[in-house]
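Here are the chains, one letter per residue:
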Amino acid sequence: MAERRSGNVQASNGKATGAGTAYTIDLNSFSKRLNKLYSHWNEHKSDLWGSVDVIAIATPPASEDLRYLKSSALSTWLLGYEFPETIMVFMKKQLHFLCSQKKASLLGVLKTSAKEAVGVDVVIHVKAKTDDGSTQMDAIFHAIQAQSIPTIGYLAKEAPEGKLLDTWSEKLKNSSIGLSDMTNWLSDLFSIKDSIELTNVKKAAFLTASVMKNVVVPNLENVIDEEKKVTHSSLMDDTEKAIVDPTKAKVRLRAENVDICYPPIFQSGGKFDLRPSAASNDDYLHYDPPSVIICAIGSRYNSYCSNLARTFLIDANALQSNAYGVLLKAHEAAISALRPGNKISDVYQAALSVVEKDAPELVTKLTKSAGTGIGLEFRESGLSINAKNDRVLKQGMVFNVSLGFQNLQSSENNPKNQDFSLLLADTIIIGEKPEVVTSLSSKAVKDIAYSFNEEGDDNEGEERPKAKAESHGPETLSKTTLRSDNQEISKEELRRQHQAELARQKNEETARRLAGGGSAAGDNHGASKTSSDLIAYKNVNDVPPPRDCMIQIDQKNEAILLPIYGSLVPFHVGTVRTVTSQQDTNRTCYIRIIFNVPGTAFNPHDANSLKFQGSIYLKEVSFRSKDPRHISEVVQGIKTLRRQVVARESERAERATLVTQEKLQLAGNKFKPIKLFGLWIRPPFGGRGRKLSGTLEAHVNGFRYSTSRPDERVDIMYGNIKHAFFQPVENEMITLIHFHLHNHIMVGTKKTKDVQFYVEVMDVVQTLGSGKRSAYDPDEIEEEQRERDRKNKVNMDFQSFVNRVNDLWGQPQFSGLDLEFDQPLRELGFHGVPYKSSAFIVPTSSCLVELIETPFLVITLAEIEIVNLERVGLGQKNFDLTIVFKDFKRDVLRIDSIPSTSIDGIKEWLDTTDIKYYESRLNLNWRQILKTITDDPQSFIDDGGWEFLNMEASDSDSEHSEESDQGYEPSDVQSESESSSDSDIESLVESEDDEEDDSEEESAEEEGKTWEELEREASNADREKGDESDSEEERKRRKTKAFGKGRPPPPGSRASGGSAAKRPLPRSRPFSGSSSVKRPKNK
């Protein structure tokens, strides 16, 4: 760290090469900034630069102390490095450097660039190591005095350090040349940052916010939760280590490029100092309620500073909560006023107006300044945000907006809780609208206010209002952690108590909803679909003339012509259900066509059957042929044509059900659209052409994604967005933005509620060489560095887009939409199988999502009724998580194969989000359970609601069943009565996947029997005659099928031959007192 502070920091352009002191200066950046300096000097010579003819800058020797000097800032800004013990003298025609031989070798490359940029000659004066440079200084003064009546501008406030600067200062003062202080002039030069400088500020701000979010907040929560005694200085040291080693904050920046702006500040216990020069003392962190903790941290990247301060409230009282609310509103008002053209004083006045309106008694407690400009210096002189500064704000300026209330007092008995202060600070870049580059660290009340007191734990008998924002349902992921002041209670016991209270609330809520005829009524399974009129030919004359008496396919009219009694009879291909072919041993081919017939079990009466009542329908027809090739062509042709028609009709039906959306209003003259380039979309557009990346634009009332093809365009209205997610790359290959919508939209030909835009930050396929590569291979190291740089760049581009859109959504006209990008909390994630493949599922503040694998998983926590953890215990390595929704018409969602090691984390997360969960040892048949509830809701309510799932409550009911095990002896042969009773028990615990598979098989069958059915009947007939034995292998296969495909029977079940085969399974009924719900028999 000392090396970074002593001037050996890598340049902002990152072009340092080799090791040690081998550096290169970015000549392009030097030329631009030298030109900017001379242009600013010439343009403002009389008003800002004091009509000086010469600028003399002397940088002090290297130091391990943290300090901000204008001379060092100019050196870093112009040359990319801080050159200690170097004198720079700028004149109209010459630029002089006085330095050591080592520095002179680096500065020699500037001669050509300086001449081309501003037409000055670079003159380098080299002094010996032991020399004080007097001779070289005389040469410089001789060049200065050659000008007519020169005036030298210098930094009067910087005291000389070292032998070289002492000599220079003495010669400067003893000369007859006029002197003028130019401290404020350089501040104006540095105030507007270019793109490289802004990038450095953003990286510094990202590091600062990441340290606060990923290091400081978890550390504080852990200390308070476990009631540790930790000093402020200890927290300061841990935080400083995280800044100088960015990997600890999950940030991939080079450690040699970063440093602290100041030692991190932690304050609590009534001792607060809101000045930037404050320090963390050795007192213990005080968190006894109601208490306040202030944390301020700042980091530098390539010498560019950023700052962030947050106040954390612990069981805040009314005064603390109200004061923080006013401060937060005033802070946001100050940020909103940072716009080009406004005066700096307007920013402070905006904050002051909020305090005067909402809490006039706190006006005297408001800090006299709302921050300063920030950049190479932590506090840029001349850019202080106060009521007297009339400087005009310009685009490209960067500010540290720091606002607070100091020396507030509350009426608490504990002296450490009586005095408190509040502080908020963020780093802001002025653009067309202010950009909060430290927004990764939230300052919302719900994220900084903690409640640790249990009900009735207040010894004083007074009821303290909780500062923690009340969560509206489970939408807010609370960070609340409970503890008891009187006795130590395990987390499991606290969780059990909280779950018991949730069970009572959930049963009351469900009872009210069912009694009111809410979403629990009805059943959407088996809803009939109406089809449009299927007409092959409108007129007999349209039927094509027969060529041969053989099956023909009319592609144009979407019909097939079948020879029946010597005539070709047309059928629309939409009436065909299945078509199959088979060849026997005599090389005779058969083709079998099964039609859709109204009125059967899986084809309810549709519009056609009602329209043509009394008509006779053809169920199936078979043909025989000696030409296998023709039969194959016919079958393939019918299937292809049918697939095209079904796809077209399906798309037409989907479009008919779409909700009409408002028209997108393009940005136009109101503001430039916020853009993000080079994105891919999921689901992708259709078509056979090469896929193209596109651009996502944020307009007045919605997003538009488009590629270079005119037909590839998607509009997403803000009002249709239910949830928005931003997931930066970490262990995946993509960075993504995901929108979950209220109503479906069409993306190409696909109807979807989920639209995702992503960028691949790393190559999914890696070329493997034949030889083993060394870990120190320069090419390998360079490739890894490129990957890291690309990931950081993509993440920052996405983060910038998200921040700007969040600012847009924060405007008053969008307040009713309650939109904000949510970010998955990876530390709470777990692996599971929501659909067909394993995925990493992560919670957010309002949802449970999986956004990498398709189909996407987005579950709104507010829509969850209960969660049932199934297959828990019995030595299982994994378990299943079943989500029951408040809308009982929806099928439950089950996430399979979650590792048992994740169960405690999932329970903790469910408990903190106020979601009631139950546990069961087996999978339940939820379709039948929900049907029973909706058929008789009153019985469900009377029998205790969801408490039939309570494993602990049901243990006492199952004690008597253990007696039946005593007389049981395992046997390989079981009677039919035993099998039937087992099947009744299994009806509630079979997999829903089995039901779905069975229903799919049944839906594919018709009254007409397939070849497989005919063969199965023949086999059964042979078995009845005794030609085949019911083998042990066949019995095991049937038993395995009863427990669901691909899933072994649970331990202790009949299929496993365990001793518990006769024992009634826990919770084998939907709720106490009701009749058992049996699974419908397969056809």
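A closer look at the overall build of the protein
Line of reasoning, step 1. Scanning the protein from N- to C-terminus turns up 26 helices and 37 strands.
Line of reasoning, step 2. By the burial criterion, 48% of the 1083 residues in the protein qualify as buried.
Line of reasoning, step 3. When contacts within the protein are restricted to residue pairs at least 6 apart in sequence, those whose partners lie at least 24 apart make up 68%.
Line of reasoning, step 4. Carbon and sulfur atoms make up 48% of the accessible area of the protein, which totals about 53200 Å².

Some remarks on the pairing of strand S20 (residues 589–595)
Line of reasoning, step 1. By the criterion of burial, S20 is predominantly enclosed, with 6 of the 7 residues buried.
Line of reasoning, step 2. Examined bridge by bridge, strand S19 (residues 576–583) and S20 share 7 bridges and lie antiparallel to one another. In the sheet register, Gln583 faces S20, and the bridge partner there is Cys589.
Line of reasoning, step 3. Here S19 folds back onto S20, and the loop between the two strands holds 5 residues, one of which, Arg587, carries a positive phi near 65°.
Line of reasoning, step 4. Note: S20 against strand S21 (residues 620–625), 6 bridges, orientation antiparallel. What sits directly across from Cys589, in S21, is Ser625.

Considerations on the nonpolar core
Grouped burial of nonpolar side chains is what soluble globular proteins tend to show.
Line of reasoning, step 1. Counting residues in each nonpolar core, the largest one holds 132 residues, and the members touching the most others are Phe90, Phe399, Phe405 and Leu422.
Line of reasoning, step 2. No other element matches the 14 residues that helix H9 (residues 195–225) contributes to this core.
Line of reasoning, step 3. Non-local contacts of Phe405, meaning those with residues more than four positions away in its chain, are made with Leu274, Ala323, Val326, Leu327, Val355, Leu362, Lys365, Leu366, Ser421 and Leu422.
Line of reasoning, step 4. Leu696, Phe798, Leu808 and Trp809 belong to the second-largest nonpolar core, a separate cluster that totals 35 residues.

With respect to the sheet that holds strand S36 (residues 893–899)
Pairing between the strands of a sheet comes from backbone hydrogen bonds, and it takes one of two forms, parallel or antiparallel.
Line of reasoning, step 1. The sheet built from 4 strands is open, its strands ordered S36-S35-S34-S37 with mixed pairing. In this open sheet, the two strands that pair with only one neighbour each are S36 and strand S37 (917–919). Taking each pair of neighbouring strands and ignoring which way they run, the sheet shows an average axis angle of 20°.

Some words on the packing of helix H6 (residues 134–145) against helix H7 (residues 162–174)
Line of reasoning, step 1. Taken N-terminus to C-terminus, the directions of H6 and H7 make an angle of 35°; their axes are 11 Å apart at the nearest point. Both H6 and H7 take part in a crossing whose hand is right-handed. Only Leu164, Thr167, Trp168, Lys171 and Leu172 of H7 make contact with H6, whose side of the interface consists of Ser134, Met137, Asp138, Ile140 and Phe141.
Line of reasoning, step 2. Within the contact of H6 with H7, the residues separate by chemical class into 6 nonpolar, 2 polar and 2 charged.

Observations concerning helix H8 (residues 183–191)
Line of reasoning, step 1. Within H8, 8 of the 9 residues are buried, which leaves the element mostly enclosed by the surrounding structure.
Line of reasoning, step 2. Residues of H8 that are buried: Thr183, Trp185, Leu186, Ser187, Asp188, Leu189, Phe190 and Ser191.
Line of reasoning, step 3. Looking at the buried side of H8, the elements it contacts are helix H2 (27–43), strand S1 (54–59), helix H3 (70–79), strand S6 (178–181) and strand S12 (398–409).

Observations regarding the packing of aromatic side chains
Line of reasoning, step 1. In the structure shown here, the tally under the stated rule is 24 aromatic pairs.
Line of reasoning, step 2. Seen in terms of ring centroids, Phe739 and Phe757 are 6.1 Å apart; in terms of plane orientation they differ by 70°. Their pairing is edge-to-face. Remark: Phe757 occurs in strand S28 (residues 750–760) and Phe739 occurs in strand S27 (residues 734–747); sequence separation between them is 18 residues. The two residues Phe739 and Phe757 agree in class, both being buried.
Line of reasoning, step 3. An aromatic cluster is present here, built from Phe685, Phe703, Tyr705, Tyr718, Phe739, Phe757, Phe801, Trp809, Phe814 and Phe821 joined pairwise through their rings.
Line of reasoning, step 4. Lying over the aromatic face of Tyr758, Arg682 brings its terminal NZ or CZ to 5.2 Å of the ring centre.

Remarks on the state of the cysteines
Line of reasoning, step 1. On inspection of all chains with the given rule, the structure shows 0 disulfides.
Line of reasoning, step 2. Cysteine Cys261 shares no disulfide, and the gap to the nearest cysteine sulfur, in Cys305, comes to 3.7 Å.

Re the side chain of Thr752
Line of reasoning, step 1. By secondary structure assignment, the location of Thr752 is in strand S28.
Line of reasoning, step 2. Classification of Thr752 by relative accessible area gives buried; the value is 10%.
Line of reasoning, step 3. Discounting chain neighbours no more than four positions away, the residues touching Thr752 are Pro683, Leu741, His744, Ile745 and Val747.

Here we look at the pairing of strand S24 (residues 702–706)
Line of reasoning, step 1. Across the 5 residues of S24, 4 count as buried, placing the element largely inside the fold.
Line of reasoning, step 2. The sheet contact formed by strand S23 (residues 694–698) and S24 spans 4 bridges and is antiparallel. The residue bridging Leu696 from the neighbouring strand is Tyr705, located in S24.
Line of reasoning, step 3. With antiparallel pairing between neighbouring strands as the criterion, S23 and S24 make up a hairpin whose turn holds 3 residues.
Line of reasoning, step 4. Across 5 bridges, S24 lies against strand S25 (residues 713–717) in antiparallel orientation. Counterpart to Tyr705 in the pairing with S25 is Val714.
Line of reasoning, step 5. If you look at the hairpin formed by S24 and S25, you'll find 6 residues sitting between the two strands.

What about a negative patch on the surface?
Line of reasoning, step 1. Taken together, the side chains of Asp779, Glu783, Glu784 and Glu787 make up a negatively charged region of the molecular surface.
Line of reasoning, step 2. One can find Glu783 in helix H18 (residues 778–809).

Quick notes on H6
Line of reasoning, step 1. In this model H6 runs 16 Å from its N-terminal to its C-terminal C-alpha over 12 residues, within 8% of the 16 Å that 1.5 Å per residue would give.
Line of reasoning, step 2. Of all the positions in H6, only Ser134, Gln136, Met137, Ile140, Phe141, Ala143 and Ile144 are classed as buried.

A look at the packing of H2 against H8
Line of reasoning, step 1. Two elements in contact, H2 and H8, have axes whose closest approach is 11 Å; the angle formed by their N-to-C orientations is 125°. Here H2 lies oblique to H8, going by the angle between them. For the pair H2 and H8, the crossing hand works out as right-handed. Contacts from Lys36, Leu37 and His40 in H2 reach Trp185, Asp188 and Leu189 in H8.
Line of reasoning, step 2. Residue composition of the contact of H2 with H8, by class: 3 nonpolar, 1 polar and 2 charged.

A few points about the sheet that holds S23
Line of reasoning, step 1. Strand order in the open sheet formed by 8 strands is S25-S24-S23-S22-S28-S27-S26-S29, with mixed pairing between adjacent strands. The strands lining the two open edges of the sheet, one partner per strand, are S25 and strand S29 (821–822).

Some points on the confidence of the model for the protein
Line of reasoning, step 1. Residues with a pLDDT of 70 or more make up 77% of the protein, whose mean pLDDT is 79.
Line of reasoning, step 2. Confidence drops under pLDDT 50 across residues 454–488; counting only partners more than four residues distant or on other chains, this segment forms 77 contacts.
Line of reasoning, step 3. Contacts from residues 1027–1032, a stretch scored under 50 in pLDDT, to residues over four places away or in other chains number 6 contacts.

Here we look at the pattern of salt bridges
Line of reasoning, step 1. Considering all chains together, one arrives at 37 salt bridges under this definition.
Line of reasoning, step 2. A salt bridge links Glu697 to Lys675, with the shortest nitrogen-to-oxygen separation between them at 3.8 Å. Of this pair, Glu697 sits in strand S23 while Lys675 sits in strand S22 (residues 674–682); the two residues are 22 residues apart in sequence, bridging distant segments of the chain.
Line of reasoning, step 3. A relative accessible area of 38% places Lys675 in the partly exposed class.
Line of reasoning, step 4. Linked by salt bridges that have partners in common, Arg310, Glu332, Asp426 and Lys443 make up one network.

Reading the values: rules and limits
Here the residue index of a chain counts from 1 through its sequence in written order. pLDDT decides what is reported in this predicted model: residues at 70 or higher carry local features, side-chain atom pairs at 80 or more are listed and counted, and totals for whole chains, interfaces and linings draw on all residues regardless. To obtain the side-chain values, all non-hydrogen atoms of the structure were included, while hydrogens and water were left out. Put simply, DSSP marks the helices as runs of H or I at least four residues long and the strands as runs of E at least two long, and each gets a number from the N terminus on. Three exposure classes are used, based on accessible area relative to the maximum for each residue type with a 1.4 Å probe and protein chains only: buried under 20%, partly exposed in between, and exposed over 50%. Note on contacts: a residue pair qualifies if any of its non-hydrogen atoms lie within 4.5 Å across the two residues. Per-residue and other accessible areas follow the Shrake-Rupley method at a 1.4 Å probe size, with only the shown protein chains counted as cover for residues. In this scheme, strands are said to pair when DSSP sees at least two bridges between them. For our purposes a nonpolar core is just a set of buried Ala, Val, Leu, Ile, Met, Phe, Trp, Tyr and Cys residues, chained together by side-chain atoms within 4.5 Å. Under this scheme, a helix contributes an axis fitted over its contacting stretch, all axes are lines through C-alpha atoms, and angles between N-to-C directions fall in the 0 to 180 degree range. What makes a crossing left-handed is the near helix being turned counterclockwise from the far one by less than a right angle; a clockwise turn instead makes it right-handed. Classes in brief: Ala, Val, Leu, Ile, Met, Phe, Trp, Tyr, Cys and Pro nonpolar; Asp, Glu, Lys and Arg charged; the others, Gly included, polar. Under the pairing criterion, centres of Phe, Tyr and Trp rings, with the six-membered ring standing for Trp, must be within 6.5 Å; the plane angle then separates stacked pairs below 30 degrees from edge-to-face pairs above 60, leaving the rest tilted. Lysine NZ or arginine CZ positioned within 6 Å of the ring centre and within 35 degrees of the ring normal marks a charge as sitting over the ring. We call a pair of cysteine sulfur atoms a disulfide when they lie within 2.5 Å. For patch building, the residue pool is restricted to those with more than 30% relative accessible area and no salt bridge; the joining distance is 9 Å between like charges and 5 Å between nonpolar side chains (Val, Leu, Ile, Met, Phe, Trp, Tyr). When a carboxyl oxygen of Asp or Glu lies within 4 Å of a side-chain nitrogen of Lys or Arg, that pair is called a salt bridge. Only four residue types enter the charge count, namely Lys and Arg as positive and Asp and Glu as negative; His and the chain termini do not. The location of each charge is read from NZ of Lys, CZ of Arg, CG of Asp or CD of Glu. For a helix, the expected span equals 1.5 Å multiplied by the residue count minus one. Here roughly perpendicular refers to angles of 65 to 115 degrees, roughly parallel to angles under 35, roughly antiparallel to angles over 145, and oblique to all remaining angles. Think of pLDDT as the predictor's per-residue confidence, scored from 0 to 100.

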